[in-house]
Amino acid sequence: MATSDESTGADAAPARTRVRLVRGGPMLIDGPVEIELDDGSVVTSDRFVVALCTCKRSKTYPWCDTSHRAKRRATQSSDD
């Protein structure tokens, strides 16, 4: 007969959360997540993947709004 711990899986290892760093972009975290900011406030997201800003340019910080994408002017070729 199984004990209550065995039937509920209380001894099972907790699921790991995947975090991916995007070069020049956000940090992607498998959600849902709860984020504690440096001022002690807490923000949450129930999305299945959350993009956190790493450049601090986002107007929706700590969430990424793609502000890290630099707007570059077209360069003129030296052949002109």
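Residues numbered from 1 in each chain as written. Predicted model: local features only at pLDDT ≥ 70, side-chain atom pairs only at ≥ 80, totals over all residues. Heavy atoms only, no water.

Participant: For this particular structure, what's the right way to read the overall build of the chain?
Facilitator: Counting its secondary structure elements, the chain contains 1 helix and 5 strands. Evaluated residue by residue, the chain yields a buried proportion of 15% over its 80 residues. Within the chain, contacts between residues separated by at least 24 positions form 18% of all contacts whose residues are at least 6 apart in sequence. (Helix = DSSP H or I, 4+ residues; strand = E, 2+ residues; numbered from the N terminus. Buried < 20%, exposed > 50% of the residue type's maximum accessible area, 1.4 Å probe, protein only. Contact = heavy atoms within 4.5 Å.)

Participant: Looking at this model, I keep getting lost on the pairing of strand E4 (residues 42-45). Mind explaining?
Facilitator: Looking down a regular strand, the side chains alternate between one sheet face and the other. Sheet topology places strand E3 (residues 33-36) next to E4; 4 bridges connect them, and they run antiparallel. Looking at E4, one finds that Glu34 is bridged to Thr44. (Pairing = 2+ DSSP bridges.)

Participant: Is there a simple way to explain the environment of Ile35 in this structure?
Facilitator: Looking at where Ile35 falls in the secondary structure, it is placed in strand E3. For Ile35, a relative accessible area of 15% puts it in the buried group.

Participant: Before we go on, may I ask you to explain a negative patch on the surface in this structure?
Facilitator: Negative charge collects at one region of the surface, where Glu34, Glu36, Asp38 and Asp39 lie side by side. Considering the arrangement of structural elements, one finds Asp38 in the loop between E3 and E4. According to the relative accessible area criterion, Asp38 is exposed, its value standing at 82%. (Patch = residues over 30% accessible without salt bridge, like charges linked within 9 Å, V, L, I, M, F, W, Y side chains within 5 Å. Areas by Shrake-Rupley, 256 points an atom, 1.4 Å probe, with all protein chains shown as cover. Salt bridge = Lys/Arg side-chain N within 4 Å of Asp/Glu carboxyl O. Lys, Arg positive; Asp, Glu negative; His and termini not counted. Charge placed at Lys NZ, Arg CZ, Asp CG, Glu CD.)

Participant: Is there a simple way to explain the sheet that holds strand E1 (residues 19-21) in this structure?
Facilitator: Sheet strands associate in pairs through backbone hydrogen bonding, adopting either a parallel or an antiparallel arrangement. Overall, antiparallel pairing links the 3 strands, which are arranged E1-E2-E5 in an open sheet. The open sheet has two edge strands with one neighbour each: E1 and strand E5 (49-52). Adjacent strand axes in the sheet meet at a mean angle of 20° when their direction is disregarded. Looking at chain direction, E1 and strand E2 (residues 27-30) are connected through 3 bridges and run antiparallel. Of the residues in E2, the one forming a bridge with Val19 is Ile29. (Axes fitted to C-alpha atoms, helices over the stretch in contact; angles between N-to-C directions.)

Participant: Looking at this model, I keep getting lost on the pattern of salt bridges. Mind explaining?
Facilitator: Note on pairing: side chains with opposite charge can pair once their charged atoms come close. Applying the stated criterion across every chain, the model contains 1 salt bridge. Of the charged contacts in the structure, one is a salt bridge between Arg20 and Asp30, with a shortest N-O distance of 3.1 Å. Taken together, the residues span a long stretch of sequence, with Arg20 in strand E1 and Asp30 in strand E2 at a distance of 10 residues.

Participant: How do you make sense of the side chain of Ser45 when you look at a structure like this?
Facilitator: Along the chain, Ser45 falls in strand E4. Looking at Ser45, its side chain comes within polar contact range of the main-chain nitrogen of Arg47, at 3.3 Å. Excluding residues that lie within four positions of it along the chain, Ser45 makes contacts with Pro32, Val33, Val50 and Trp63. (Polar contact = N/O pair within 3.5 Å; in protein donor to acceptor, adjacent residues only side chain to side chain.)

Read these as layout, nothing more, since geometry by itself doesn't imply function.
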